[in-house]
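Letter by letter, the chains look like this.
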Amino acid sequence: MTITPERTDNGIAQERKLVTSIPGPASVALQARKNAAVSGGVGVTLPVYIDRAGGGILIDVDGNSLIDLGSGIAVTTVGNANPYVSANVAEQAAKLTHTCFMVTPYSGYVEVCEALNRLTPGNHEKRSALFNSGAEAVENAVKVARVYTKRTAVVVVEHGYHGRTNLTMGMTAKNMPYKEGFGPFAPEIYRVPASYPYRDRGLSGEEMATIATTRIEKEIGAHNVAAIMIEPVQGEGGFIVPGQGYFAAMAKFAKDNGIVFIADEIQSGFCRTGNWFASEHEGVVPDLITTAKGIAGGMPLAGLTGRAEIMDSVHAGGLGGTYGGNPVACAGALGAIRWMEETDANARAREIEAIMVPRLREIQSAHPTIGEIRGRGAMIAIELVKPGTIEPDAARAAALNKFCHENGVITLTTGTYGNVFRFLPPLTISNELLNEGLDVLAAAFEATA
Ligand SMILES: *Cc1c(COP(=O)(O)O)cnc(C)c1O
């Protein structure tokens, strides 16, 4: 079989089809086993157990076909079981599955780092290192910035999300469910205002940056700060696109004060927003970039990439981990990256935005509960409020989500206030399926009005 970039449906009919109620009996039975076997701390958004997936469809164990508007939280950007990813993974798994790169290395790790160095913004000399999860990449970014600057303070922003390990929980803004009861958190983490144009009472991105940098100067001392880390589009915070100039002003402040500026592109990176990295929309070249999620088509892999002098400031052996840059995960990433390059995935992300935004505007005109439509590329959200106010309406978001799920569309909510409905379709979804998903959403607005 020849693998072409177009053939991404994994042999699955690209249609929404419900043959049972959602969840169906086989899923209900599995969920009972889950509750008896899996920690209650591991929550499930929609207890529909998936058996196969491809294109824009997930097929569950009852034979229902659901439209995927979530990509497993921005991971299967190149589609589920993408043929390039699956073929590379199968081939690599048959050759060797592990040696530990720190013991006896292999070429895939080096190739992924070369790709990261080539694709991330800026043509300065770069180095990369690979890890297993986004949180681990974030932790390592902080380690590198502290060694390089010989400073300790880490600045993050309101609504930021950086992971679930101890350091990254401390860096994450939202308490419930991420932090509740898990403290104490690591010291020397400081949170300053983000730019959230919908809720900043008319203040511009640049004005918000001035508020933030003044806070850094007065409350921390810029000379004590090792790193400023910001997501160029905030993911778990609510798909918040910063106001014009905010991201660039924060990067400039970092540069002027010898602070390492880190873009957390774990959710926004790898063609999700219509550019390889969302920092490009802001005209910013970060010193370091963290990546994960979309990098490897579903294989667990994360990266840290940045200026050679910063990345090389760490002593040998200071960075690493038993599984970091696992050869099978690296093979998956090389497949995903090749697909993105060959198919011009960024153009597809922009097409998805061009389809979604007008349709969401149409829904908004009939349903003023949509306070704002925002996002970039295939990372689009609507913020739900009590009409005529900016008061969050999380209950409406939950009701819409429930309706979509029951009607075979996988949707996700997000946001500090839980009132943001977000869309992260795989780039392999057909226009027909995408439009059908939006038809279901429109029906959800009618049904929950
Ligand atoms: C998901 C995410 C993380 C954490 O990644 P994990 O792989 O879940 O550890 C960190 N930062 C951002 C912006 C994310 O979206």
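**Remarks on helix H4 (residues 107-119)**
Consideration 1: In a regular helix each residue adds 1.5 Å, so 13 residues correspond to 18 Å; H4 covers 18 Å between its end C-alpha atoms and thus fits that length.
Consideration 2: Buried within H4 we find Gly108, Tyr109, Val112, Cys113, Ala115, Leu116 and Leu119. All buried residues of H4 lie within an arc of 160° about the axis, which places them on one face of the element.
Consideration 3: Those residues of H4 that are buried lie in contact with strand S4 (126-131), strand S9 (288-291), strand S10 (302-307) and helix H10 (327-343).

**Quick look at the environment of Leu46**
Consideration 1: One can find Leu46 in the loop between helix H1 (25-37) and strand S1 (50-54).
Consideration 2: Spatially, the C-alpha atoms of Leu46 and Thr411 are 9.3 Å apart, while their sequence positions differ by 365 residues.
Consideration 3: Leaving out residues up to four positions away in the same chain, Leu46 has contacts with Ile22, His405 and Ile410.

**Brief notes about the pairing of strand S12 (residues 379-384)**
Consideration 1: Taken across its six residues, S12 has six buried, putting it largely inside the fold.
Consideration 2: Burial along S12 is two-sided: the face carrying Met379, Ala381 and Glu383 and the face carrying Ile380, Ile382 and Leu384 are both buried.
Consideration 3: Bridge count between strand S11 (residues 370-376) and S12: six bridges; the pairing is antiparallel. Its bridge partner lying in S12, Arg374 is registered against Ala381.
Consideration 4: From the end of S11 to the start of S12, which pair antiparallel, there are two residues, and Gly377 there has a positive phi angle of about 60°.

**Regarding the domain arrangement of the chain**
Consideration 1: Examined at the domain level, the chain breaks down into domain 1 (25-69 + 344-447) and domain 2 (85-343).
Consideration 2: Put simply, the middle of domain 1 and the middle of domain 2, counted by C-alpha atoms, are 26 Å apart.
Consideration 3: On the side of domain 2, 28 residues touch domain 1, which itself brings 34 residues to the contact.
Consideration 4: Across the domain 1 to domain 2 interface the summed buried area is about 2,600 Å²; carbon plus sulfur atoms make up 54%.
Consideration 5: When residues of domain 1 are sorted by the area they lose upon contact with domain 2, Asn346, Arg376 and Met379 head the list and together hold 29% of the total.
Consideration 6: Counting every contact that joins domain 1 to domain 2 gives three salt bridges.

**Structural notes on the sheet that holds S1**
Consideration 1: Pairing in this open sheet of four strands is mixed, and the strands run S1-S2-S3-S13 from one edge to the other. What marks the edges here is a single partner per strand, and that holds for S1 and strand S13 (409-410).
Consideration 2: Note: S1 against strand S2 (residues 57-60), four bridges, orientation antiparallel. Paired with Gly54 across the bridge in S2 is Ile57.

**Thoughts on the layout of surface pockets**
Consideration 1: Of the pockets and cavities examined, the second largest pocket occupies roughly 390 Å³.
Consideration 2: If you trace the second largest pocket, you find 21 residues lining it, with Tyr109, Ser128, Ala129, Leu319 and Gly320 closest to the centre.
Consideration 3: For the lining of the second largest pocket, the secondary-structure elements that each account for two or more residues are H4 and S4.
Consideration 4: The element that contributes the greatest number of residues to the lining of the second largest pocket is S4, accounting for five residues.

Quick notes on the rules
- As a convention, each chain's residues are numbered from 1 in the sequence order in which they are written.
- In keeping with the model being predicted, local features are shown solely for residues with a pLDDT of at least 70 and side-chain atom pairs are shown and tallied solely at 80 or more, while totals for entire chains, interfaces and linings include all residues.
- Here the side-chain values reflect all heavy atoms present in the structure, with hydrogen atoms and water set aside.
- Segments assigned H or I by DSSP are reported as helices when at least four residues long, segments assigned E as strands when at least two residues long, and all are numbered from the N terminus.
- How far a helix is expected to stretch is found by multiplying one less than its residue total by 1.5 Å.
- Exposure is judged per residue with a 1.4 Å probe applied to protein chains only, and the accessible area is read against the type maximum: over 50% gives exposed, under 20% gives buried, and values in between give partly exposed.
- The arc refers to the directions leading from the helix axis to the C-beta atoms.
- Any two residues whose heavy atoms approach within 4.5 Å at even a single point are treated as in contact.
- Following DSSP output, two strands are said to pair if at least two bridges run between them.
- Segmentation of the chain into domains, including their bounds, is taken from an automatic or database domain assignment.
- Each of two parts loses accessible area, computed with a 1.4 Å probe, when they are put together; buried area is these two losses added.
- The salt bridge definition used is simple: a Lys or Arg side-chain nitrogen within 4 Å of an Asp or Glu carboxyl oxygen.
- The method works on a 1 Å grid over the protein atoms by themselves. A cavity is a set of points holding a 1.4 Å probe that cannot get out, a pocket is an open set with protein on both sides within 12 Å along at least five of seven lines, and residues with an atom within 4 Å of a point line them.
- Grid points are joined across faces, edges and corners, and a volume is the space filled by probe spheres set on the points.

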